[in-house]
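# Summary of structural features
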Amino acid sequence: MKITESRFCRRFALDTAIALAPMALASGGALAAASARAGALGLVGGGYGELAWTQREYALALQQGPRERIGCGFITWKLDEDASALDWALEHRPVAVMLSFGDPRTYAGRIARSGAALICQVQRLEQVAQAVEAGATVIVAQGGEAGGHGMNGLNSRATITLVPEIADWLAARSPGTLLLAAGGIADGRTLAAALVLGADGALVGSRLWATRESLAPEGAKQQAVQTTGDGTARSEVFDILRRKNWPAPYDFRAIRNDLHRQWEGRIEALRADPAAARAAYDAGVTAGDFSRAHATIGESVALVRDLPPAEEIIARMTREAQALLGD
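Okay, so let's go over this structure. Nothing here was measured: the structure is a model prediction, and the numbers come from that model.

What follows concerns the pattern of salt bridges. The tally for this structure, following the rule as stated, stands at 22 salt bridges. Here Glu 57 and Arg 56 are joined by a salt bridge, their closest N and O atoms 3.1 Å apart. According to the relative accessible area criterion, Glu 57 is buried, its value standing at 7%. According to the relative accessible area criterion, Arg 56 is partly exposed, its value standing at 47%. The partner of Asp 282 in a salt bridge is Arg 243, and the shortest N-O contact between them spans 3.0 Å. Taken together, the residues span a long stretch of sequence, with Asp 282 in helix 15 (residues 275-287) and Arg 243 in the loop between helix 12 (237-241) and strand 11 (250-255) at a distance of 39 residues. For Asp 282, a relative accessible area of 29% puts it in the partly exposed group.

Structure, rendered in structure tokens:
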């Protein structure tokens, strides 16, 4: 199996079956451009829809990387509040737009008219039909192992079972729709595993979060290098502390630091009276103290042992995966 011959590579003229996850406030222009230069699909993290941030970082991506491999991604439920960042991005002809966490059908028409491919992220099989109805070119199957936002523990699925189930569903009902795996994919072994499970490629977040170009705070990256796979947790704690009103059933995976441990068993108490905990969190952010501030990374943190340039990581993952898959 040649990675460069995957359907995902052929569709987007890529040299590797990797897309950069559009991580809010981390996947900026430099990281997207570096990913695109390495032969991957570089998606700028438009995230919460901040227009000025999206304008700055997307323009930087176009300056530093090949336009034909640059796109962007947004949180769908935030677009429902203000879609100006999406509208601005579409004027600049992204090759792809990824939507996550909400109904993509509202925005599918305007994305299609722009010429961009629609990428829809899902966390459960039951969401796939809606993404196909929206006209998704690519579906991302996100397992609960992923860093940042995803389905909560009650509703999430494991990548290793979700990917082949969705692959089979698509093969039977929408065989032209491509599939990316997300969650826990951070080295050549896990990239190869995603392809063997039936995906056409992988959306990589945590491993590219821990790179030189990522906009994540340096202290957070350094904490990740010292953390094992046991060291993350998924909960609502950091959303409450950051004043992010995420809808159910989504919550947030990050390193399980001291402040998180204080509140993880008392979510309702935190929600009822968050002032003191928010003050501690805010002070941690200001001081760069990641015993209080959050470090957004998934269970694959154990595979993060250095902080090289993104191009080096993508080349390493691709080379290792190809060696495992053979010719």
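Still more ground to cover, so stick around.
Its 14 residues place the ends of helix 3 (residues 51-64) 20 Å apart at the C-alpha level, agreeing with the 20 Å of an ideal helix rising 1.5 Å per residue. Considered for burial, the residues of helix 3 that qualify are Trp 53, Thr 54, Glu 57, Tyr 58, Ala 61 and Leu 62. Projected onto a plane normal to the axis of helix 3, the buried residues spread over an arc of 150° and lie on a single side. In helix 3, the exposed positions that point more than 90 degrees away from the buried face belong to Ala 52 and Gln 63. Those residues of helix 3 that are buried lie in contact with helix 2 (29-37), strand 2 (42-47), strand 3 (70-75) and helix 5 (84-91).

Quick look at the pairing of strand 2 now. Counting buried positions over the six residues of strand 2 gives six, a clear majority of the element. Burial along strand 2 is two-sided: Gly 42, Val 44 and Gly 46 and Leu 43, Gly 45 and Gly 47, pointing in opposite directions, are all buried. One ladder, built from five bridges, connects strand 2 with strand 3; its direction is parallel. Bridging from a neighbouring strand, Leu 43 pairs with Gly 71 of strand 3.

Parameters and conventions
Residues numbered from 1 in each chain as written. Predicted model: local features only at pLDDT ≥ 70, side-chain atom pairs only at ≥ 80, totals over all residues. Heavy atoms only, no water. Salt bridge = Lys/Arg side-chain N within 4 Å of Asp/Glu carboxyl O. Buried < 20%, exposed > 50% of the residue type's maximum accessible area, 1.4 Å probe, protein only. Helix = DSSP H or I, 4+ residues; strand = E, 2+ residues; numbered from the N terminus. Expected span 1.5 Å × (residues − 1). Arc of directions from axis to C-beta. Contact = heavy atoms within 4.5 Å. Pairing = 2+ DSSP bridges.

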